[in-house]
Amino acid sequence: MAQWQSGVVQQHIHWDETFHSLQITTTSPLAFKAGQYTRVGLEIDGGLVARPYSFVNPPTEPQLEFYFNTVPDGPLSNRLAQLEIGDSLEIATPVAGFMVLDELPQGRDLWLFATGTAIGPYLSMLGCEELWRQFDRVLLVWGTPFNHQQHYAPVLHQFAERHGDRFRWLACLSREPLAETFDTPSLPDSAARLIYGRMTTALEDGQLEQQLGVQLAVDISQVLLCGNPAMVKEMLLILKRRGLTKNLRRNPGQVTVERYW
């Protein structure tokens, strides 16, 4: 049974009308691994309403961060979006989730595929030294409908500058007009790439690997999938046709999936 402790909002970033980030401190330290999630709750109409949210911050940072979007008539997300600095909320323990680094088999390259707010657990991983000791190269593919929804692009730029050619990331904009420009700071040539369209299509037609300059291959790659269930389902089919299999404790493979929707 979950136990609950109080948290206090230290910062609330209103990215736009729909997307938000909350930075929270808790009454006691919360132990977790990068890639895991917890349940965040509020007292609403006399009862505790809670939903799972991934940690954005690495475990070494005591201030917790959660990235979320509001949904129409969502009883919790719309109330979270109204929180201000100093407001309280509830955080569940223990944490959950098996999409963590010590569950991954060995590989040269780590591929991270995310849509929308599912970028959160990958940001937590990227901030861990363990990740950079475990893999030679990290390839991140982040799908959002529009350019302005790549809210954590500045953070990804910092990782690119810090790790150079060991980190490459690709923005997939599924609804952005082709005429729209993608404004990024000056980066190493290997750091940032852009595709208009869906990441599944880009993987199938070879554009994704061409842009990143890296082949996703069964003998050297580990793949993480997190995000829209339709994307995860389609990616699993594409990767299966390439010979990659799901990673299970009893039968290690190349593809690890997080599902909490």
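This report concerns the structure included in the present document.

Moving on, we get to helix 7 (residues 229–241). In a regular helix each residue adds 1.5 Å, so 13 residues correspond to 18 Å; helix 7 covers 19 Å between its end C-alpha atoms and thus fits that length. Where helix 7 is concerned, the buried positions are M231, V232, M235, L236, I238 and L239. Each buried residue of helix 7 lies within a common arc of 170° when the element is viewed along its axis, so the set occupies one face. What points out from helix 7, more than 90 degrees from its buried face, is the exposed set A230, K233, K240 and R241.

Under the defined criterion, the tally for this structure stands at 0 disulfides. Unpaired in this structure, C172 has its nearest cysteine sulfur neighbour in C226, at a distance of 16 Å. Take C226: it sits in no disulfide, and the sulfur closest to it among the cysteines is that of C128, at 15 Å.

Looking now at unusual backbone geometry. Of note, the amide linkage connecting T93 to P94 takes the cis form, showing an omega dihedral of 0°. Positive phi values are uncommon outside glycine, yet D45 reaches one of about 55°. By secondary structure assignment, the location of D45 is in the loop between strand 3 (37–44) and strand 4 (47–54). Although it is not a glycine, D73 sits at a positive phi angle of roughly 65°. Note on placement: D73 falls in the loop between strand 5 (64–69) and helix 1 (77–80).

To continue, consider the nonpolar core. Y122, L126, L140, L156 and F167 are the most contacted members of the largest nonpolar core, which totals 34 residues. Of all the secondary structure elements, the ones that give two or more residues to this core are strand 7 (109–115), helix 2 (120–126), helix 3 (129–134), strand 8 (137–144), helix 4 (153–163), strand 9 (167–173) and strand 11 (221–226). What L140 contacts, discounting residues up to four positions off in sequence, is L112, I119, Y122, L126, L156, F167, R168, W169 and L170. In terms of nonpolar packing, the next biggest core, distinct from the first, is built from 25 residues, W111, L212, L236 and V255 among them.

Let us now look at the packing of aromatic side chains. Tallying each qualifying case throughout the model produces 9 aromatic pairs. Here the aromatic rings of F32 and F55 are separated by 3.9 Å at their centres, their planes lie at 15°, and the arrangement is stacked. Pair noted here: F32 is in the loop between strand 2 (19–26) and strand 3 and F55 is in the loop between strand 4 and strand 5, with a separation of 23 residues, a long-range link. An aromatic cluster is present here, built from W15, F19, Y67 and Y152 joined pairwise through their rings.

In this section: the side chain of N57. Tracing the chain through its elements places N57 in the loop between strand 4 and strand 5. Among the polar contacts listed, one links the side chain of N57 to the backbone oxygen of E61, at a separation of 3.2 Å. From its side chain, N57 meets the backbone nitrogen of E65 in a polar contact 2.9 Å long. Beyond its immediate stretch of four places on either side in the chain, N57 contacts F32, Q63, L64, E65 and S124.

Rules and cut-offs
- Residues numbered from 1 in each chain as written.
- Predicted model: local features only at pLDDT ≥ 70, side-chain atom pairs only at ≥ 80, totals over all residues.
- Heavy atoms only, no water.
- Helix = DSSP H or I, 4+ residues; strand = E, 2+ residues; numbered from the N terminus.
- Expected span 1.5 Å × (residues − 1).
- Buried < 20%, exposed > 50% of the residue type's maximum accessible area, 1.4 Å probe, protein only.
- Arc of directions from axis to C-beta.
- Disulfide = S-S within 2.5 Å.
- Core = buried A, V, L, I, M, F, W, Y, C linked by side-chain atoms within 4.5 Å.
- Contact = heavy atoms within 4.5 Å.
- Phe/Tyr/Trp six-rings, centres within 6.5 Å; stacked < 30°, edge-to-face > 60°.
- Polar contact = N/O pair within 3.5 Å; in protein donor to acceptor, adjacent residues only side chain to side chain.

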